[in-house]
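# Summary of the model geometry
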Amino acid sequence: MLTFHGKPVYLSCGHTDMRKQINGLMAIVDGSFNLDPFSNAVFVFCNRNRDRIKILEWDADGFWLYFKRLEKGRFRWPQVGDEPTMTLTGEELAVLLGGVRVELKLKRNEVLERKIS
């Protein structure tokens, strides 16, 4: 499990095109968030379906790009509002990534099978 204790965490509200790599995500951090991508912070992005997350982190001499894809469920994610970002702590990000607030996507067949059993 990744830990980001002591670093501010910025969630991108709404969805982000997951085809973007480090340079594209840096451009979002700089242009849309008005933040420095080289700062001691973590930037988190989610796709439209809310089943994939990318995390961008500067590590003194290079960038880390983490990627997580859920096989089932969805992340709870803030919609676009007045602010383009939401600030979290490293502990709150760990809870989000740990799946505590993951919504299950149940298929109709799974629901019917449970009722029959």
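Calculation criteria
Residues numbered from 1 in each chain as written. Predicted model: local features only at pLDDT ≥ 70, side-chain atom pairs only at ≥ 80, totals over all residues. Heavy atoms only, no water. Buried < 20%, exposed > 50% of the residue type's maximum accessible area, 1.4 Å probe, protein only. Helix = DSSP H or I, 4+ residues; strand = E, 2+ residues; numbered from the N terminus. Arc of directions from axis to C-beta. Contact = heavy atoms within 4.5 Å. pLDDT = per-residue confidence, 0-100. Core = buried A, V, L, I, M, F, W, Y, C linked by side-chain atoms within 4.5 Å. Pairing = 2+ DSSP bridges. Right-handed = clockwise from strand over helix to strand, strands pointing away.

Listed as buried for helix α1 (residues 22-31) are Leu 25, Met 26, Ile 28 and Val 29. The arc that holds every buried residue of α1, seen down its axis, measures 160°, which confines them to one face. Away from its buried face, by an angle of more than 90 degrees, α1 presents the exposed residues Asn 23 and Gly 31. Here the buried face of α1 lies against β2 (42-46), β3 (52-58) and β4 (63-69).

Note that predicted coordinates carrying low pLDDT should not be read in detail. Looking at the protein, the pLDDT average stands at 83 and 81% of residues meet or exceed 70. Between the elements of the protein, mean pLDDT differs from a low of 50, seen in helix α3 (residues 108-116), to a high of 96, seen in α1. Below a pLDDT of 50 lies the segment residues 100-109, which in the model reaches 18 contacts outside its immediate sequence neighbourhood of four places, other chains included.

Turning next to helix α2 (residues 90-97). Of all the residues in α2, the buried ones are Gly 90, Leu 93, Leu 96 and Leu 97. Looking straight down α2, one finds its buried side chains confined to an arc of 115°; they lie on one side. In the core, the buried residues of α2 are packed alongside β1 (9-12), β2, β3, β4 and β5 (85-88).

Along the chain, Arg 50 turns up in the loop between β2 and β3. Given a relative accessible area of 18%, Arg 50 falls into the buried group. Residues Arg 50 and Thr 16 lie 34 residues apart in sequence; the distance between their C-alpha atoms is 9.8 Å.

With that settled, consider unusual backbone geometry. Look at Arg 50: it is not a glycine, yet its phi comes out positive at around 60°. Its identity as a non-glycine residue notwithstanding, Ala 60 has a phi of 65°, on the positive side. For Ala 60, the position within the fold is in the loop between β3 and β4.

Looking now at the nonpolar core. Of all hydrophobic cores here, the largest spans 16 residues; its most connected members are Val 44, Ile 53, Ile 55, Trp 77 and Leu 93. For this core, the secondary-structure elements that each account for two or more residues are β1, β2, β3 and α2. With sequence-adjacent residues up to four places away left out, Trp 77 is seen in contact with Leu 11, Ser 12, Cys 13, Gly 14, Val 44, Phe 45, Cys 46, Arg 50, Ile 53 and Leu 96. One finds Met 18, Phe 33, Phe 43 and Leu 56 within the second-largest nonpolar core, a separate group that totals 11 residues.

On to the pairing of β1. Alternating positions in β1 separate into two faces, Val 9 and Leu 11 on one and Tyr 10 and Ser 12 on the other, with burial throughout. The pairing of β1 with β2 spans 3 bridges and is parallel. Bridging from a neighbouring strand, Val 9 pairs with Val 42 of β2. As a crossover connection, the stretch from β1 through α1 into β2 is right-handed. With 4 bridges joining them, β1 and β5 adopt antiparallel strand pairing. When the bridges of β5 are listed, Ser 12 appears paired with Thr 85.

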